[in-house]
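If you want the building blocks of each chain, they are given just below.
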Amino acid sequence: MKAVCQAGYGGAAQLSVQEVPLPKLEVSSVLVRIVAVSVNAGDHHMLTGRPFLIRVAVGRQAIPGMDFSGVVHAVGSGVECNFSEGDEVFGTADTKCGAFAEYISVPATNLVRKPEKVTWEEAAALPTAGMTALQSLRTGRPVETGGRVLINGASSGVGTFAVQLAKLMGANVTGVCSTANVAMVRSLGADAVVDYKKESVEQAAAAAGERYDKIIDAVGRLGWHRLLKPKGSHVAVALPNPESECVPCSLCAIACSPWCCCCLSSSKSHMFMQEVRAADMDELAKMVADGQLRPVLGLRLVGISEVPDALAGHSETLGQGHRTGKTVVSLRGVHSESMERE
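Residues numbered from 1 in each chain as written. Predicted model: local features only at pLDDT ≥ 70, side-chain atom pairs only at ≥ 80, totals over all residues. Heavy atoms only, no water.

**Considerations on unusual backbone geometry**
Point 1. Not every positive phi belongs to a glycine, and Asp94 is a case in point at roughly 55°.
Point 2. As for its position among the elements, Asp94 is in the loop between strand E5 (88-92) and strand E6 (103-107).
Point 3. At Cys97, a position not held by glycine, the phi torsion is positive, near 60°.
Point 4. Within the element layout of this structure, Cys97 appears in the loop between E5 and E6. (Helix = DSSP H or I, 4+ residues; strand = E, 2+ residues; numbered from the N terminus.)

Structural data, given as structure tokens:
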């Protein structure tokens, strides 16, 4: 099979498309023929190896890539889930990677069925970004009907899901993005949009007399406590400096900003780490199938040869709020409507 191989840490020079053997099918895994993949911030960190903690905690994987959609090719003898050859599925390899290839072997618990109404590209865009948005909204103070929620990085992969999910939960949502994405964020249902190129979040909040019950920060910055209501929650999806080598310092800065006595404050900051949950992926897919949730597909590419440049290009922008929605790559050169079954 063809796969994107990573020779070392760095950028595009470390990536190449090569012929490699099919992955081994473990007894508790499912072998999937991949139809589409998406690019995540985690893929960027795996490529650059920054912060260096990534190299210790995760290590370098020979084939990068986390999220995918595809067709079940074979099922391990120990798989208890009801998957069969030919099933349309989507899921994530998480930090084990391996998705930027024509086939992948993943634990059955990392897969769910793709609804017929959900396209291959939409399904590939869902796992990591969708679960991050959903789980971050469920972290800390619950989102209540009429509650005020601010999404920083509202035009990003995580942000576009978070805006829509917060609205589905009944919140009044403010999105923060650049001028070029204001109309798109409004189209997702945001009640108010702050164009950070024209005014700061603090200026916009002061003008509107606004404070928030929950703030989801998908970009990474400090100083959110002053914008929270009493007992409000700030959930840090991204670090202020995502490639800083002093990760503990960044975590302390988030928790304690703007005071060192943060434990005495009723508003709290939460460091967030997404978990792979099949139930969450299934819930998100049903929302998309029902027309309640729309994956925003920004850059759409065709062919495995496009993956190295797409991933390396993201390395210059991911975590800095410069990408719109999700970048997806169709590996088969066709979209779901015209795909031929093997």
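**Remarks on helix H4 (residues 127-137)**
Point 1. Burial runs high along H4: 11 of the 11 residues are buried.
Point 2. Among the residues making up H4, those that are buried are Pro127, Thr128, Ala129, Gly130, Met131, Thr132, Ala133, Leu134, Gln135, Ser136 and Leu137. (Buried < 20%, exposed > 50% of the residue type's maximum accessible area, 1.4 Å probe, protein only.)

**So, the sheet that holds strand E12 (residues 228-236)**
Point 1. Ordered in space as E10-E9-E8-E11-E12-E13, the six strands form an open sheet in which the pairing is parallel. The two strands at the open ends of the sheet, each matched to only one other strand, are strand E10 (192-195) and strand E13 (268-271). If you compare each strand with its neighbour and ignore which way they point, the axes differ by 15° on average.
Point 2. Of the pairings in the sheet, the one linking strand E8 (residues 148-152) to strand E9 (residues 172-177) comprises five bridges and is parallel in character. Of the residues in E9, the one forming a bridge with Arg148 is Asn172.
Point 3. Sitting on the sheet, helix H5 (residues 157-168) touches E8 and E9, and the angle it makes with E8 is about 170°. (Pairing = 2+ DSSP bridges. Axes fitted to C-alpha atoms, helices over the stretch in contact; angles between N-to-C directions. Contact = heavy atoms within 4.5 Å.)

**Quick notes on the pattern of salt bridges**
Point 1. Taken as a whole, this structure holds 12 salt bridges when the rule is applied.
Point 2. Its salt-bridge partner being Glu88, residue Lys114 comes within 3.2 Å of it at the nearest N-O pair. You can see Lys114 sitting in the loop between strand E7 (111-113) and helix H3 (120-125) and its partner Glu88 sitting in strand E5, a full 26 residues away along the chain.
Point 3. Taking relative accessible area as the criterion, Lys114 reaches 8% and is therefore assigned buried.
Point 4. For Arg148, the salt bridge goes to Glu210, with nearest N and O atoms at 3.0 Å. (Salt bridge = Lys/Arg side-chain N within 4 Å of Asp/Glu carboxyl O.)

**Comments concerning helix H9 (residues 278-289)**
Point 1. Given a rise of 1.5 Å per residue, 12 residues ought to cover 16 Å, and the 16 Å separating the end C-alpha atoms of H9 matches this to within 8%.
Point 2. Taken as a whole, H9 has its buried residues at Asp280, Met281, Leu284, Ala285, Met287, Val288 and Ala289.
Point 3. The inward-facing, buried residues of H9 contact E5, E7, H3, H4 and H5.
Point 4. Looking one or two residues past H9, Gly291 carries a phi angle of roughly 80°, positive in sign. (Expected span 1.5 Å × (residues − 1).)

**Overview of the layout of surface pockets**
Point 1. In this structure, the second largest pocket encloses a volume near 210 Å³.
Point 2. Around the second largest pocket sit 15 residues that line it, and Pro23, Cys97, Gly98, Ile104 and Ser105 are the ones nearest its centre.
Point 3. Class assignment for the residues of the lining of the second largest pocket results in 11 nonpolar, three polar and one charged. (1 Å grid on protein atoms, 1.4 Å probe; cavity = no way out; pocket = protein on both sides within 12 Å on 5 of 7 lines; lining within 4 Å. Points joined across faces, edges and corners; volume = space filled by probe spheres on them. Nonpolar A, V, L, I, M, F, W, Y, C, P; charged D, E, K, R; others polar.)

**Brief notes about the packing of H4 against H9**
Point 1. One way to put it is that H4 packs onto H9 with a least axis distance of 10 Å and a crossing angle of 95°. One way to sum up the angle between H4 and H9 is to call them roughly perpendicular. Taking contact as the criterion, the partners of Pro127, Gly130, Met131, Leu134 and Gln135 in H4 are, on H9, Asp280, Met281, Glu283 and Leu284.
Point 2. Of the residues that constitute the contact of H4 with H9, the class distribution is five nonpolar, two polar and two charged. (Parallel < 35°, antiparallel > 145°, perpendicular 65-115°, else oblique.)

**Observations concerning the packing of aromatic side chains**
Point 1. Applying the stated criterion across every chain yields a total of zero aromatic pairs.
Point 2. Looking at Arg221, its charged tip hangs above the ring of Trp224, at a distance of 4.0 Å from the centre. (Phe/Tyr/Trp six-rings, centres within 6.5 Å; stacked < 30°, edge-to-face > 60°. Lys NZ or Arg CZ within 6 Å of the ring centre and 35° of its normal.)

**Brief notes about the environment of Thr145**
Point 1. You can see Thr145 is positioned in the loop between H4 and E8.
Point 2. Residue Thr145 is classed as exposed on the basis of its relative accessible area of 73%.
Point 3. Measuring from C-alpha to C-alpha, the distance between Thr145 and Asn172 comes to 8.0 Å, with 27 residues separating the pair along the chain.
Point 4. With near-sequence residues (within four places) excluded, Thr145 lies in contact with Met169 and Gly170.

**Observations regarding the side chain of Ser156**
Point 1. Examined against the element boundaries, Ser156 turns out to sit in the loop between E8 and H5.
Point 2. The class for Ser156 is buried, based on a relative accessible area of 16%.

Everything listed is a geometric property; what it means functionally is a separate question.
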